[in-house]
Amino acid sequence: MIMFGGKGGVGKTTCSAATALHLSSSGHKTLIITSDTTPSLSDIFEEEIGDNIRSIEKRLDAVEISDEAILNKWKKKFGPDFYEILSHLIDVEGLDNESRHQLLDYIGSAPSLREETMLDLIIDLAETCKYDRIVWDTAPAGETLNLLNMPAYIRKHLSAGSRVFEGLDKIGKKIIGKRSIAQIMDEWSTASERISRYIHMRSAFILVANPEALVVKQARRVVEILRGYHIALHGMIINRMITTADSQSLRTLQGMQETYLTDLIKLANGLPVAMMPFSLKEIKGKKALKEAGGGLIKELNLQG
Ligand SMILES: Nc1ncnc2c1ncn2[C@@H]1O[C@H](COP(=O)(O)OP(=O)(O)OP(=O)(O)O)[C@@H](O)[C@H]1O
Ligand SMILES: [Mg+2]
């Protein structure tokens, strides 16, 4: 799985779409996924994509994972667990059907659960479908990666919380046939560990950046955070480089980019770096994407 991350608007969707197209045309069966809340993959490919995996080119499938799909998946996978936990604590049986659903919708839309479920969904796709490469547009970077700490976090809370929960389990409740809360949490912890393992062992993170002050600052933070989670940065795309400067304003801009380019290359610390020139034409449609991202997979060493 190749994950693309970086600051808003730097060109993640453009770069992941171009990379996916080049991977598929060089013989790899590829799936491109976007988990953006306002996905633009359909606009970039100029084809309606949507919630179900569909083929958009030979050896290339695409899917836009909507919030609704994430919530449905969560409800199916973790909803019963939450329901069981709640039934230890409150009288859920006394609630009408609509209130029960509202309750689960509310819990399931909590931000960290959204990320966790999304990762689970993506890794399910990765493990069940036969793709050589999965390209993930807008992978969590920065603080969102906190969810990779879930196993450790859950375990820590288990040790302190289990006594409390076990206590509750015993209070006059009939728990025959029910799992204890600690047991349920243990199962979540195992699910989180699967995600964490996949990210650490089978994924490559590509940081997309522009040679600009704010983007460089953010890129430094992302690299730092990735290091903290022991996720290896595979490489970097420096997008929107001014390559031909035929006017004074463009030369000024190019001069400014030079400084930040040096900073970004230093930050990459010897890892593969690919440059994407600033395009005066809109990068939309397969033809434009193929032209724009011609050298990406080779320069980033993504073919092998
Ligand atoms: N090299 C480039 N030259 C010119 N325009 C570019 C280049 N790369 C991307 N763009 C344009 O910049 C805009 C933002 O690009 P894109 O949508 O790929 O960024 P993003 O990082 O995915 O944004 P978001 O964070 O909103 O998802 C788009 O209009 C895109 O066409
Ligand atoms: Mg995008």
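Scoring rules and cut-offs
- Residue positions are counted from 1 within each chain, in the order its sequence is given.
- Ligands are numbered from 1 and chains lettered from A, in the order in which they are written.
- Residue-level local features of this predicted model are given only where pLDDT is at least 70; pairs of side-chain atoms are given and counted only at 80 or more, and the full residue set underlies all totals for whole chains, interfaces and linings.
- Note that water and hydrogens are dropped before the side-chain values are worked out from all heavy atoms of the structure.
- Here, proximity means that at least one heavy atom of the residue falls within 4 Å of the molecule or strand.
- Counting of polar contacts relies on pairs of N or O atoms within 3.5 Å, with two restrictions inside protein: one atom must be capable of donating a hydrogen and the other of accepting it, and residues adjacent in sequence are counted only when both atoms are side-chain atoms.
- Helix and strand labels come from DSSP, where a helix needs a run of H or I of at least four residues and a strand needs a run of E of at least two; each type is numbered from the N terminus.
- Any residue outside Ala, Val, Leu, Ile, Met, Phe, Trp, Tyr, Cys, Pro, Asp, Glu, Lys and Arg is labelled polar, Gly included; the first ten of those are nonpolar and the last four are charged.
- The contact criterion used is simple: two residues touch if any of their non-hydrogen atoms lie within 4.5 Å.
- Patch rule: a residue counts if its relative accessible area is over 30% and it has no salt bridge; like charges are joined within 9 Å, and nonpolar side chains (Val, Leu, Ile, Met, Phe, Trp, Tyr) within 5 Å.
- All accessible areas in this document rest on Shrake-Rupley with a 1.4 Å probe, and a residue is counted as covered only by the protein chains that are shown.
- Between Lys or Arg on one side and Asp or Glu on the other, a salt bridge is scored when a side-chain nitrogen of the former is within 4 Å of a carboxyl oxygen of the latter.
- The sign given to each residue is positive for Lys and Arg and negative for Asp and Glu; His and the chain ends receive no count.
- In plain terms, the charge of a residue is placed at NZ if it is Lys, CZ if Arg, CG if Asp and CD if Glu.
- We call two strands paired when DSSP finds no fewer than two bridges between them.
- Here an angle of 0 to 180 degrees is reported between the N-to-C directions of two axes, which are lines fitted to C-alpha atoms, with helices fitted over the stretch in contact.

**Regarding the site of ligand 1**
With respect to spatial proximity, 14 residues lie near ligand 1, and among them Lys 12, Thr 13, Thr 14, Asn 239 and Arg 240 are the closest. At 2.9 Å, a backbone N or O of Gly 9 approaches an oxygen atom of ligand 1. The backbone of Gly 11 places a nitrogen or oxygen atom 3.0 Å from an oxygen atom of ligand 1. Elements represented by at least two residues in the shell around ligand 1 include exactly helix 1 (12-25) and strand 7 (233-241). Broken down by element, the residue count for the shell around ligand 1 peaks at 3 residues, all from helix 1. Here the residues of the shell around ligand 1 sort into 4 nonpolar, 7 polar and 3 charged.

**Digging into the environment of Thr 138**
If you trace the backbone, Thr 138 turns up in the loop between strand 5 (133-137) and helix 7 (150-170). Taking the C-alpha atoms as reference, Thr 138 lies 6.5 Å from Lys 12; in sequence the two are 126 residues apart. Dropping the residues within four chain positions of it, Thr 138 is found in contact with Phe 4, Lys 12, Ser 35 and Asp 36.

**Let's talk about a negative patch on the surface**
There is a patch of like negative charges on the surface, built from Asp 43, Glu 46, Glu 48 and Glu 282. Among the secondary structure elements, Asp 43 is positioned in helix 2 (residues 41-45).

**Some details on the sheet that holds strand 3 (residues 54-57)**
Taken in spatial order, the 8 strands of this open sheet run 3-4-2-5-1-6-7-8, and their pairing is mixed. The open sheet has two edge strands with one neighbour each: strand 3 and strand 8 (273-277). For this sheet the average axis-to-axis angle between neighbouring strands, irrespective of direction, equals 25°. Two elements, strand 2 (residues 30-34) and strand 4 (residues 60-64), share 5 bridges in a ladder whose sense is parallel. Across the sheet, Ile 32 pairs through a bridge with Ala 62, a residue of strand 4.

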